[in-house]
Amino acid sequence: MRRYQIASRVPESNSRFIAVCCCAEMRGGRRRTASCLRTAVFLFVVTFVWLQLHLTNLGGGGGQGGTLKDTTNDNDSSAAILSMVPQVLHKFLTSKPRNTTHSLNGSNMSVDAHRLTIDEIRHNIEKYNQMQTVHNEDLFGPLLNDSLIIVIQVHTRLIYLRHLIVSLAQAQEIDSTLLVFSHDYYNEEINEVVQSIDFAKVMQIFYPYSIQTHPNTFPGESPDDCPRDINYEQAVLRKCTNALHPDLYGHYREAKFTQTKHHWWWKANRVFNQLEVTRYHTGMVLFVEEDHYVAEDFIHILKLMEKTSKASCPACNILSLGTYLKTYDYYSESKKKEALRAMKRHQSLTAAAIPPSWGFQILPSLYQHYQKAEVTPWISSKHNMGMALNRSTWQELRKCGRLLCTYDDYNWDWSLQHVSQACLPHKLTAVVMRVPRIFHIGECGVHHKKANCQSTGVISKVQKVLANAAHHLYPSHLTLTFTTGAKKHKLRKGNGGWGDVRDHELCMNMTQVDR
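Let me sum up the structure you'll find in this document. (Residues numbered from 1 in each chain as written. Predicted model: local features only at pLDDT ≥ 70, side-chain atom pairs only at ≥ 80, totals over all residues. Heavy atoms only, no water.)

### Things to note about the sheet that holds strand β3 (residues 149-154)
So the rule is basically this: The criterion for strand pairing is that DSSP finds at least two bridges linking the strands in question. Strands here mean DSSP runs of E at least two residues long; helices mean DSSP runs of H or I at least four residues long; both are numbered from the N terminus. Angular values range over 0 to 180 degrees, each being the angle between N-to-C directions of two axes fitted as lines to C-alpha atoms, with helices fitted over their stretch in contact.
Within the open sheet, the nine strands sit side by side as β5-β4-β3-β6-β10-β8-β11-β9-β13. Their pairing is mixed. The sheet is open, and its two edges are formed by β5 (201-206) and β13 (479-482), each paired on a single side. Neighbour-to-neighbour, the strand axes of the sheet open up by a mean angle of 25 degrees, direction not taken into account.

Structure follows, in structure tokens:
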């Protein structure tokens, strides 16, 4: 690459100086040879240090994997992002110095020099899950029955988790909530960040059947498991463990995919049915993930949605605060002008007929719809982010646990939609905000990878959007729009990846365990 070619050039002044010095010294005889060599070594060291510093400057700087890095342009740089975060919250974006680093699914993460053994990790997980400690309860009081519980699913993407925490810290009424961080990877730096939260009550729960704690046995992948792409006949001849149970497409399980559905189902059962602190809880439980970012009025909006749906939509049983940015319908100024011209020609044309176009720079303009919410059948691919439900809805889902656990789809949300269509007495009906209050900031995940999984460009854009839309936040009321003429969705085959009966049994056992 060009920058390395530039950086590797030794300064001409230094090279000329070395040559002149050595020639002069050699003319002085052998007594000066040692002095010449010392001088040459000294200048070589100076030149090497200069090269390293020059390389670092050209490369954009370094830093710990868990800290914010300059990986984007000037407008989306670390400094620009930090400038939009109150100084008091910068502590959540910086990590303590560590002795070593290692890579976790593309995310560099600092760890202690002492690497915990699998037995030590299992012991710590069991301890945390048994203690059920609620941090900061002495500061903010006990959880009320109708308080909001926010459940955050955490894997290894610490950079995004830090920004989620910063966004939560800036939310109004956050001190009345309980934040439950549900981990499927045990890491001390992640624990330190979570336990440093001082603006709300905090609890940590740890999924005990993770790949980390079972690296060579089920639910992880054991040497005796069938390879994903081996055909059925070969699997039977090989006599691998799960030979008789491929998925509906003929593939065998992959633990890295099955874990996500297991973790989601486990944490929901854990929060509603196994924790002592939630024994009498009747309020809303909001599900978010480590790479989400919340608007400061999201709790205010959630309360408005709950109040409005009780009064105007008794059948509504899920509230959705999030929308995926790349599929959201924003309209550029040119499209608006086209719509106005069309309306003059055809008075019956509505704005809904205008084809959507994505333009992030005009995203705040849609906050003119800040008081509107839509009532629609719950669709997994659209309404699975920032999803909130109460205990009565959960109890209906739990009754359909066997169907969810045996449906051949490794996605928890697609499985939930199948349950809605095939099992629930009243299908999942969502109240969805026209303007999202939860954003997806992750660049990489289970289904997609990018060259730079640590990019903070989306974070910067979301910050700017929320800053520009600040005067549209905190509406006093909501107006519901009911979707009419919705097509009936046929029951369809799942995406596979969930044919192994061991996954079915593990999943169903999670439902049977109670407080």
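### Points about the nonpolar core
Condition: Residues grouped as a nonpolar core are buried Ala, Val, Leu, Ile, Met, Phe, Trp, Tyr and Cys residues, joined through side-chain atoms within 4.5 Å. Residue exposure (1.4 Å probe, protein chains only): buried if accessible area is under 20% of the type maximum, exposed if over 50%, otherwise partly exposed. Note on contacts: a residue pair is in contact if any heavy atoms of the two residues lie within 4.5 Å.
Counting 49 residues, the largest nonpolar core has Ile150, Leu168, Ile174, Leu179, Phe181, Phe199 and Phe298 as its most contacted members. Elements with a minimum of two residues in this core: β3, α7 (158-169), β4 (178-183), α8 (188-195), β6 (285-289), α11 (298-312), β9 (372-377) and β11 (429-433). Per-element accounting of this core gives the leading share, seven residues, to α7. Ignoring anything within four residues of it in the chain, the contact list for Phe298 reads Ile150, Leu168, Ala171, Ile174, Leu286, Leu321 and Arg437.

### Considerations on α8
What sets the pattern is the α-helix's 3.6 residues per turn: residues three or four places apart point alike. Basically, it comes down to this: We call two N or O atoms a polar contact when they sit within 3.5 Å, provided that within protein one can donate a hydrogen and the other can accept it, with sequence-adjacent residues counted only if both atoms are side-chain atoms.
Among the residues making up α8, those that are buried are Glu189, Ile190, Asn191, Val193 and Val194. Structurally, the start of α8 carries an N-cap: the backbone nitrogen of Glu189 is 2.9 Å from a side-chain oxygen of Asn187.

### Thoughts on the pattern of salt bridges
Note the threshold: By definition here, a salt bridge exists when the distance from a side-chain nitrogen of Lys or Arg to a carboxyl oxygen of Asp or Glu is within 4 Å.
Scanning the entire structure with this criterion turns up 15 salt bridges. When the shortest N-O distance is used, the salt bridge between Arg279 and Glu276 registers 2.9 Å. Residues Lys399 and Glu396 are paired through a salt bridge, measuring 3.6 Å at the closest nitrogen-oxygen approach. A residue pair is termed a helical-turn pair when its members lie 3 or 4 positions apart in one helix, as Lys399 and Glu396 do in helix α14 (residues 391-399) at three residues. Salt bridges linked by common partners bring Arg157, Glu290 and Asp291 together as one network.

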